[in-house]
Amino acid sequence: MFVFSVAQSEGIKVVLPTFHEFLCSFSPIYAGIFFIAGLGVMFILGAFVNLFKYLKNR
């Protein structure tokens, strides 16, 4: 959402493409969106893994 809000504030129109258009094109905005989303998913999964390890050893 951060990347979308920055793009909108700069006047860049962001339209979500179809899956085929996404695979056949590159956009720095989409790269930023998926990078930040990927980091978020990785951190959430890591937090749950560490929580389970902590609760198991407690």
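Model, not experiment: these values are computed from the prediction.

Colleague: Can you break down the overall build of the chain residue by residue, with the values?
Modeller: Looking only at helices and strands, the chain has 3 helices and 0 strands in total. Summed over all atoms, the accessible surface of the chain reaches about 5,300 Å², with 72% contributed by carbon and sulfur.

Colleague: Residue-level account of the environment of Ala-7, with values.
Modeller: Relative to the helices and strands, Ala-7 is located in helix α1 (residues 2-9). In the structure, Ala-7 is positioned 22 residues away from Ile-29 in sequence and 7.8 Å away in space, judged by C-alpha atoms.

Colleague: Explain the confidence of the model for the chain residue by residue, including any values.
Modeller: When the pLDDT values of the chain are averaged, the result is 82; 81% of them are 70 or greater. Here helix α2 (residues 19-23) stands out as the least confident element of the chain, with mean pLDDT 66; helix α3 (residues 28-57) is the most confident, with 92.

Colleague: Describe a nonpolar patch on the surface, listing the residues and the values that go with them.
Modeller: A cluster of nonpolar residues, Ile-44, Phe-48, Leu-51, Phe-52, Tyr-54 and Leu-55, forms a patch on the protein surface that exposes about 650 Å² of accessible area. The topology assignment puts Phe-52 in helix α3. Looking at Phe-52, the relative accessible area reads 55%, which means it is exposed.

Thresholds, definitions, all that
- Residues numbered from 1 in each chain as written.
- Predicted model: local features only at pLDDT ≥ 70, side-chain atom pairs only at ≥ 80, totals over all residues.
- Heavy atoms only, no water.
- Helix = DSSP H or I, 4+ residues; strand = E, 2+ residues; numbered from the N terminus.
- Areas by Shrake-Rupley, 256 points an atom, 1.4 Å probe, with all protein chains shown as cover.
- pLDDT = per-residue confidence, 0-100.
- Patch = residues over 30% accessible without salt bridge, like charges linked within 9 Å, V, L, I, M, F, W, Y side chains within 5 Å.
- Salt bridge = Lys/Arg side-chain N within 4 Å of Asp/Glu carboxyl O.
- Buried < 20%, exposed > 50% of the residue type's maximum accessible area, 1.4 Å probe, protein only.

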